[in-house]
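What the coordinates show
Now for the letters of each chain:
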Number of protein chains: 4
Amino acid sequence: MKVSIVGVTGYSGLELLRYLRQHPFVEVVSIHSSSMNKKSLETINPHLRQLISLPLEQIDPKSIMKKSDLVFLATPSGISKELALPFVEADFPVIDLSGDFRLKEIGEYETWYGQSAAPMNIIQKFDYGLAEYREKPRSKWIANPGCYASAAELSLAPLLKEDKLVLDSIIIDAKSGVSGAGKGLSHSTHFSETHDNMTLYKMNSHQHIPEIVQQLKKWTPALKAIQFSTSLIPVTRGIFLTAYAKLKQPISDEKLVQLYRAHFENSPFVRIQEVGCYPVLKQVIGSNYCDIGLAYNTQTNIVTVVTVIDNLGKGAAGQAVQNLNIFAGFDERSGLDYLPIYP
Amino acid sequence: MKVSIVGVTGYSGLELLRYLRQHPFVEVVSIHSSSMNKKSLETINPHLRQLISLPLEQIDPKSIMKKSDLVFLATPSGISKELALPFVEADFPVIDLSGDFRLKEIGEYETWYGQSAAPMNIIQKFDYGLAEYREKPRSKWIANPGCYASAAELSLAPLLKEDKLVLDSIIIDAKSGVSGAGKGLSHSTHFSETHDNMTLYKMNSHQHIPEIVQQLKKWTPALKAIQFSTSLIPVTRGIFLTAYAKLKQPISDEKLVQLYRAHFENSPFVRIQEVGCYPVLKQVIGSNYCDIGLAYNTQTNIVTVVTVIDNLGKGAAGQAVQNLNIFAGFDERSGLDYLPIYP
Amino acid sequence: MKVSIVGVTGYSGLELLRYLRQHPFVEVVSIHSSSMNKKSLETINPHLRQLISLPLEQIDPKSIMKKSDLVFLATPSGISKELALPFVEADFPVIDLSGDFRLKEIGEYETWYGQSAAPMNIIQKFDYGLAEYREKPRSKWIANPGCYASAAELSLAPLLKEDKLVLDSIIIDAKSGVSGAGKGLSHSTHFSETHDNMTLYKMNSHQHIPEIVQQLKKWTPALKAIQFSTSLIPVTRGIFLTAYAKLKQPISDEKLVQLYRAHFENSPFVRIQEVGCYPVLKQVIGSNYCDIGLAYNTQTNIVTVVTVIDNLGKGAAGQAVQNLNIFAGFDERSGLDYLPIYP
Amino acid sequence: MKVSIVGVTGYSGLELLRYLRQHPFVEVVSIHSSSMNKKSLETINPHLRQLISLPLEQIDPKSIMKKSDLVFLATPSGISKELALPFVEADFPVIDLSGDFRLKEIGEYETWYGQSAAPMNIIQKFDYGLAEYREKPRSKWIANPGCYASAAELSLAPLLKEDKLVLDSIIIDAKSGVSGAGKGLSHSTHFSETHDNMTLYKMNSHQHIPEIVQQLKKWTPALKAIQFSTSLIPVTRGIFLTAYAKLKQPISDEKLVQLYRAHFENSPFVRIQEVGCYPVLKQVIGSNYCDIGLAYNTQTNIVTVVTVIDNLGKGAAGQAVQNLNIFAGFDERSGLDYLPIYP
């Protein structure tokens with residue numbers, strides 16, 4: 001299978017390249033970038049020296065569709081909504097990593113992203129690509145989930161689908177590494193301001209909130225809202241998410257772990273920790289794994305779910321490859337079955 | 001005023017030394033350590049070279065009481081409970097930084113610290129030293145609060161004292177820098193395991209939980225329990241605490257900020273941020289400040305309180321100096337009125 | 001004594017404010033910035049909240065000279081050369097932290113800074129302010145040394161002044177924290193690019209090279225050139241400098257340490273480590289100390305000098321305050337006699 | 001080909017496992033550890049959960065030789081010298097990652113490692129495994145080079161083999177990430193002591209000095225000694241090495257780069273940067289690459305070589321796999337041909 005990567009010079013694009021280069025059934029036939037086209041990929045990314053012989057090309061949909069079978073758009077929200085159109089119109093498969101095709105309700109995108117949305121008929125063509133919950137029939141257009149959203153949705157899926165939660169009690173305290181903010185320069189990605197620091201940002205206004213609620217409602221339509229906070233921690237990669245919710249009935253830690261293990265039995269990338277064990281951020285870095293630990297507090301009747309992913313792995317490029325595998329009918333693990341890098 | 005520091009080679013002891021050396025009304029007349037007595041202070045702490053002429057002495061209560069007016073015990077929980085006794089028996093003032101004299105209810109210490117408590121009649125002599133809420137008459141024996149506890153209690157005080165909260169809805173997600181674990185060697189303080197990592201530890205079992213509940217109950221006796229989590233972030237100093245709770249009545253962000261500002265009007269070390277601003281961890285490092293930001297979410301009816309302190313400042317040595325100032329009748333800011341170090 | 005700070009919103013300006021606020025004989029009467037004048041100082045520097053009541057003012061030399069006795073220019077190279085002129089012309093004292101008045105030889109500034117120099121008659125009025133080597137008569141205009149230059153010059157002074165070195169053998173491998181690059185946004189100050197990374201920059205072309213050579217030549221006119229490299233390490237503050245040079249005659253480590261101790265006997269901010277001990281970067285952070293360790297290698301006949309400073313302390317604001325003290329006739333340690341912050 | 005890993009729970013052992021699991025021609029058939037045998041590998045290394053089905057076994061040479069074709073000893077210096085003996089005696093191939101079989105001169109090991117050496121007749125059987133310079137006939141026993149040594153030797157090889165250097169002018173300033181110190185607990189691997197810090201350690205006494213000199217002498221027997229310093233930087237992985245030496249004749253940067261490129265033409269893991277480009281540490285992390293940048297200083301006649309490797313990659317496990325490939329006749333890149341992880 002032949003694929004092209006648009007937006008290859010961003011962190012998600014580079015990570016796609018890293019995964020796909022070792023994919024047994026996929027060949028990257030072209031790489032594209034709008035911003036860096038004058039410099040070679042190696043000059044701005046010296047880690048790639050001598051390893052990628054492809055030239056960095058302008059974005060030309062026709063030429064891409066000619067040589068490829070599928071295109072990844074690893075471009076920012078607001079850019080993908082334009083770039084995707086010619087591909088969709090030509091009935092050509094797209095996996096988009098931005099937020100532009102995730103929100104299905106009219107007005108939501110405008111409210112949370114502060115700009116006009118893609119045409120709603122195009123948005124509706126896209127499947128929301130939470131890989132563990134893809135249903136048939138499947139679209140050839142996939143909106144890859146947000147990094148926070150992936151972690152949040154996997155954290156709560158079993159409890160919601162089994163109707164265990166007091167619905168208005170969900171609070172998610174999520175922390176992200178700095179690569180989540182991309183390569184752009186800003187005060188909040190400046191080393192001297194970020195190192196040894198921690199910051200809560202986008203208080204009650206992060207654009208992944210409606211995305212998460214939309215997915216949780218699929219499982220539990222009565223759910224109205226969640227409390228969701230996002231903080232920046234001084235690591236390059238990773239999301240560490242702590243979710244809290246009240247249970248309708250008490251449960252033991254053992255049953256809780258069993259519930260999750262049963263639920264994710266056929267999901268090779270979701271690893272449920274032992275009773276009394278909670279995942280550390282580093283145990284998933286460089287991989288597509290989503291590791292989850294669970295505890296029930298008898299005093300407060302609250303379950304705590306601790307979930308870690310690599311924001312560039314399961315939170316972006318890893319899951320995009322997983323979605324490619326599902327789309328193409330490959331084993332879900334193809335190109336992803338490697339050990340996390342540790343330490 | 002003359003003071004002695006016991007446990008000067010630990011991080012809290014060193015920070016006490018740093019604050020007290022510049023205190024206008026206090027002289028440190030002796031420093032003590034059990035573990036390091038054979039090496040000089042400078043050898044193990046080269047930052048002190050040529051700056052501290054005092055010898056490192058064994059711990060001899062009689063000699064301390066002879067030359068000092070007050071002793072700081074910057075010793076670990078489990079050690080202070082023995083060391084404090086001769087001082088208390090001799091009616092000599094003590095400010096203890098450990099957890100040994102904080103829990104006033106029988107059995108609590110044993111449950112949460114996993115060892116036998118100090119004699120309850122001694123524990124009862126100690127005031128709980130949350131500096132902003134010290135009441136008269138004051139004891140000459142002060143149990144300085146825990147780092148997490150200080151941040152948690154100040155976060156919620158105005159809302160609880162004004163009876164604004166749904167009591168069973170309090171969830172605190174607290175994060176700490178690694179110096180909170182002290183100088184001891186362990187897997188969880190190993191650089192290669194901690195750097196670029198984040199870990200939730202002591203799930204539902206941190207020893208500051210009963211301390212916080214005890215204090216919150218003073219303000220709202222009907223409160224039963226709180227959900228409280230502690231995670232380790234890869235910074236040396238600082239506590240970043242996010243508290244969530246449902247309100248009985250909706251409130252505007254403006255009123256929320258006003259409520260806190262009014263409440264802490266006479267508390268020079270508690271700084272309430274503007275509406276829409278949330279403190280970053282680094283803005284209090286090296287200082288005794290406790291900075292608080294506030295937001296109300298109309299969708300979930302939840303208030304979020306973001307609180308930052310330096311765990312060795314307001315969370316330990318800084319507050320101990322503040323307690324000394326209150327005890328001695330000095331201006332509360334004496335020896336503490338310096339700018340945080342930034343960046 | 002009344003002083004003004006121009007460029008107060010940069011890292012060196014902020015550090016000047018931190019030192020001077022606690023100076024016993026100095027009052028900061030006004031603070032100035034060109035870039036941030038519309039926002040208050042507190043908004044962009046929340047660590048200063050409630051602590052600095054001065055307004056952030058435009059830069060107006062006349063108004064500054066009216067209320068102050070001396071002005072600090074904590075402005076970048078290229079800016080100071082303009083700003084300083086009205087003060088010098090009015091015979092008003094200036095301590096400039098930029099590189100604009102350090103290089104005394106015609107053409108040097110143009111070569112190394114890539115822009116036109118200040119008028120040479122103005123440059124000549126400025127003393128080079130390496131505090132430990134200030135000679136009388138002293139000018140009222142002081143060019144505060146560069147951070148690397150301060151560390152390099154103090155490292156080699158005793159060996160050069162005692163004529164111990166093979167002159168063409170000096171190699172300096174210097175490493176700096178990221179705050180040395182200031183607050184400006186660039187790829188090389190981006191957290192995701194700098195964290196967990198190390199980079200050699202300005203190979204053989206750092207603008208502190210001519211500054212160092214100029215000073216070393218004062219001590220040893222026969223010296224021609226030095227090999228000097230600068231790398232970025234993932235810390236916020238600090239310079240860690242390793243200097244190597246061949247000796248004319250073998251020496252023991254003991255004699256080496258004695259030589260340095262004798263040389264710096266009256267320099268309270270230069271602390272020579274014991275034989276066999278080498279300073280760590282953190283032992284000077286937040287302070288004006290310059291700590292030096294020494295070793296002679298009998299196999300290679302090379303002496304290694306390990307020197308650490310805080311680039312914002314002895315490398316900028318700390319030394320500027322020290323220069324103020326010397327200028328004003330205060331004890332050199334005034335406002336600087338505090339413990340480094342550790343850990 | 002079937003292999004076993006002894007010492008799999010250390011950082012180098014884990015990295016071997018990571019590389020070998022994706023090796024197309026190799027199967028890891030058993031893993032062994034002396035220290036951790038009671039806990040499962042997953043408990044202490046949660047990143048491996050569900051990915052390694054092999055049990056953690058005691059070290060039994062007979063059983064290993066029965067099921068394997070080669071054993072990796074990823075054990076510390078001092079341990080390997082005992083463990084290797086039964087394998088060597090049984091004529092069974094060994095790749096040893098410790099320092100125990102590298103030093104061929106009598107007395108060297110004792111001097112630099114401070115303990116008794118392995119029997120010299122066994123040491124002599126081992127090839128020094130600097131992969132780029134393996135000569136035939138090759139031994140089945142390979143002493144994998146030290147991390148610093150690998151970087152230092154590759155840095156200087158072309159210049160020494162072409163006789164370009166003034167021999168007594170070589171100075172190497174090497175910096176290492178903390179994983180180089182292994183998993184052991186010590187003050188110098190404690191997060192609060194290492195983070196935001198830099199330390200020079202083992203001044204003139206690092207055990208890789210004689211190893212480097214031994215190899216450089218093979219190329220230039222007249223070489224006597226080198227000046228070699230090792231510092232710890234606050235990153236988990238990586239060695240950043242800066243080598244300085246005087247040239248016999250001036251050279252242009254272009255010729256310098258050409259010289260290196262020609263020299264390493266057939267070495268896929270040594271990547272020479274463009275003229276004017278110097279490698280950053282992160283560009284090799286997670287890989288077996290050794291990236292080198294070069295500059296000649298006309299003022300000092302000194303060449304600077306900047307070399308980066310992953311200490312656990314080219315500095316340990318990566319090169320061990322490369323040595324396996326050479327031994328087994330596989331393409332040198334087998335199992336190693338992956339992109340570094342960036343950022």
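Predicted, not measured: the structure shown is a model, and the values here were computed from it.

Basis of the calculations
- Residues numbered from 1 in each chain as written.
- Chains lettered and ligands numbered in written order.
- Predicted model: local features only at pLDDT ≥ 70, side-chain atom pairs only at ≥ 80, totals over all residues.
- Heavy atoms only, no water.
- Helix = DSSP H or I, 4+ residues; strand = E, 2+ residues; numbered from the N terminus.
- Rg over C-alpha atoms; globule rule 2.2 N^0.38 Å.
- Buried < 20%, exposed > 50% of the residue type's maximum accessible area, 1.4 Å probe, protein only.
- Contact = heavy atoms within 4.5 Å.
- Areas by Shrake-Rupley, 256 points an atom, 1.4 Å probe, with all protein chains shown as cover.
- Lys, Arg positive; Asp, Glu negative; His and termini not counted.
- Charge placed at Lys NZ, Arg CZ, Asp CG, Glu CD.
- Least-squares fit on C-alpha atoms with pLDDT ≥ 70 in both.
- Buried area = accessible area lost by both parts, 1.4 Å probe.
- Salt bridge = Lys/Arg side-chain N within 4 Å of Asp/Glu carboxyl O.
- Polar contact = N/O pair within 3.5 Å; in protein donor to acceptor, adjacent residues only side chain to side chain.
- Pairing = 2+ DSSP bridges.
- Axes fitted to C-alpha atoms, helices over the stretch in contact; angles between N-to-C directions.
- Domains from an automatic or database assignment.
- Parallel < 35°, antiparallel > 145°, perpendicular 65-115°, else oblique.
- Left-handed = near helix turned anticlockwise from the far one by under 90°.
- Nonpolar A, V, L, I, M, F, W, Y, C, P; charged D, E, K, R; others polar.
- Phe/Tyr/Trp six-rings, centres within 6.5 Å; stacked < 30°, edge-to-face > 60°.
- Lys NZ or Arg CZ within 6 Å of the ring centre and 35° of its normal.

1. Quick word on the overall build of chain A
Helix and strand content of chain A: 11 helices and 14 strands. Taken against the 2.2 N^0.38 rule, which gives 20 Å for 343 residues, the C-alpha radius of gyration of chain A at 20 Å falls within 12% of a compact globule. Along the first, second and third principal axes, the C-alpha set of chain A runs to 60 × 45 × 40 Å. Burial analysis of chain A (343 residues in total) assigns 67% to the buried set. Considering only intrachain contacts with a sequence separation of at least 6, the fraction spanning at least 24 residues in chain A is 70%. Just so you have it, chain A exposes about 11,300 Å², and 50% of that area is on carbon and sulfur atoms. Across chain A, 34 positive and 34 negative side-chain charges occur, with their mean positions spaced 3 Å apart.

2. Details of helix H4 (residues 80-89) of chain D
Among the 10 residues of H4 of chain D, 7 are classified as buried, and the element is accordingly described as predominantly covered. Remark: Asp 91 of chain D follows H4 of chain D within two positions and exhibits a positive phi of approximately 60°.

3. Structural notes on the relation of the copies chain A and chain B
When chain A is brought onto chain B, the operation consists of a screw motion whose angular component is 180° and whose axial shift is 0.0 Å, with 0.0 Å RMSD remaining. Taken together, the turn and the small shift mark the pair as related by a two-fold rotation axis. The share of interface residues of chain A whose copies in chain B are also at the interface is 100%, consistent with both copies meeting through the same surface.

4. Quick word on the relation of the copies chain C and chain B
Mapping chain C onto chain B leaves a residual RMSD of 0.0 Å; the transformation is a rotation of 180° accompanied by 0.0 Å of translation along its axis. Looking at chain C, 97% of its interface residues are interface residues in chain B too, so the copies touch through the same face.

5. Some words on the interface of chain C and chain B
Across the contact, 37 residues belong to chain C and 36 residues belong to chain B. Taken together, both faces of the contact between chain C and chain B bury some 3,400 Å²; the carbon and sulfur share is 58%. By the criterion of area lost to chain B, the three top residues of chain C are His 47, Arg 49 and Leu 339 of chain C, representing 22% of everything that side buries. Seen at the junction of chain C and chain B, the total is 4 salt bridges.

6. Examining the side chain of Gln 322 of chain A
All names here are of chain A. Mapping Gln 322 onto the fold places it in helix H11 (residues 313-328). Within the structure, the side chain of Gln 322 is placed 3.0 Å from the side chain of Glu 132, a separation counted as a polar contact. With residues near it in sequence (within four places) discarded, Gln 322 still touches Ala 131, Glu 132, Phe 269, Asn 288, Lys 314, Glu 332 and Leu 336.

7. Some thoughts on the pattern of salt bridges
Under the defined criterion, the tally for this structure stands at 68 salt bridges over all chains. Of the charged contacts, one joins Asp 168 of chain A and Lys 246 of chain B as a salt bridge, the two residues approaching to 3.2 Å between their closest N and O atoms. Here Asp 168 of chain A, found in the loop between helix H7 (147-161) and strand E8 (171-176), pairs with Lys 246 of chain B, found in strand E11 (residues 239-246), and the two come from separate chains. Through salt bridges with shared partners, a single network forms among Glu 15, Arg 18, Arg 237 and Asp 310 of chain A.

8. As for the sheet that holds strand E9 (residues 199-201) of chain C
All names here are of chain C. Taking strand neighbours across the sheet as the criterion, the 7 strands line up as E9-E10-E8-E11-E14-E13-E12 in an open arrangement whose pairing is mixed. Two strands bound the open sheet, and with one partner strand each, they are E9 and strand E12 (270-272). In this sheet, neighbouring strand axes are inclined to one another by 25° on average, regardless of whether the strands run parallel or antiparallel. In the sheet, strand E8 (residues 171-176) pairs with strand E10 (residues 227-232) via 6 bridges, with the strands oriented parallel. Within the sheet, the bridge partner assigned to Ala 174 lies in E10 and is Thr 230.

9. Quick notes on the domain arrangement of chain A
Residues and elements named next belong to chain A. Domain parsing of chain A yields domain 1 (2-145 + 314-328) and domain 2 (148-311). If you average the C-alpha positions of domain 1 and of domain 2, the two centres end up 25 Å apart. Listed per partner, the contact involves 25 residues of domain 1 and 35 residues of domain 2. Taken together, the two surfaces of domain 1 and domain 2 that pack against each other cover about 2,300 Å², and 54% of this comes from carbon and sulfur. Considering only the side of domain 1, the residues that lose the most area to domain 2 are Trp 112, Tyr 133 and Lys 314, jointly responsible for 31% of the buried surface there. Here domain 1 is connected to domain 2 by 2 salt bridges. One salt bridge in this structure joins Arg 102 and Glu 211, with 3.0 Å as the shortest N-O distance. Where domain 1 touches domain 2, the interface holds 18 residue pairs in polar contact (both at pLDDT 80 or more). Listed by contribution, the elements that provide at least two residues to the side of domain 1 that touches domain 2 are helix H1 (11-21), helix H5 (108-113) and H11.

10. Remarks on the packing of helix H1 (residues 11-21) of chain B against helix H11 (residues 313-328) of chain B
All names here are of chain B. As a packed pair, H1 and H11 sit with axes 9 Å apart at the nearest point and diverge in direction by 45°. Judged by the angle between their axes, H1 and H11 are oblique. Between H1 and H11 the crossing geometry is right-handed. Judged by residue contacts, Ser 12, Glu 15, Leu 16, Tyr 19 and Leu 20 of H1 engage Gly 313, Ala 316, Ala 317, Gly 318, Ala 320, Val 321 and Leu 324 from H11. The residue inventory of the contact of H1 with H11, partitioned by class, reads 8 nonpolar, 3 polar and 1 charged.

11. Points about the packing of aromatic side chains
Counted according to the given criterion, the structure contains 36 aromatic pairs over all chains. With a centroid separation of 4.4 Å and 10° between ring planes, the pair formed by Tyr 109 of chain B and Tyr 113 of chain B is classed as stacked. Here Tyr 109 of chain B pairs with Tyr 113 of chain B, and both are found in helix H5 (residues 108-113), just 4 residues apart, close to one helical turn. For Tyr 109 of chain B, a relative accessible area of 2% puts it in the buried group. Positioned above the aromatic ring of Tyr 19 of chain B, the side-chain terminus of Arg 18 of chain B is 5.1 Å from the ring centre. Taking the ring centre of Tyr 342 of chain C as reference, the NZ or CZ of Lys 282 of chain C above it sits at 5.7 Å.

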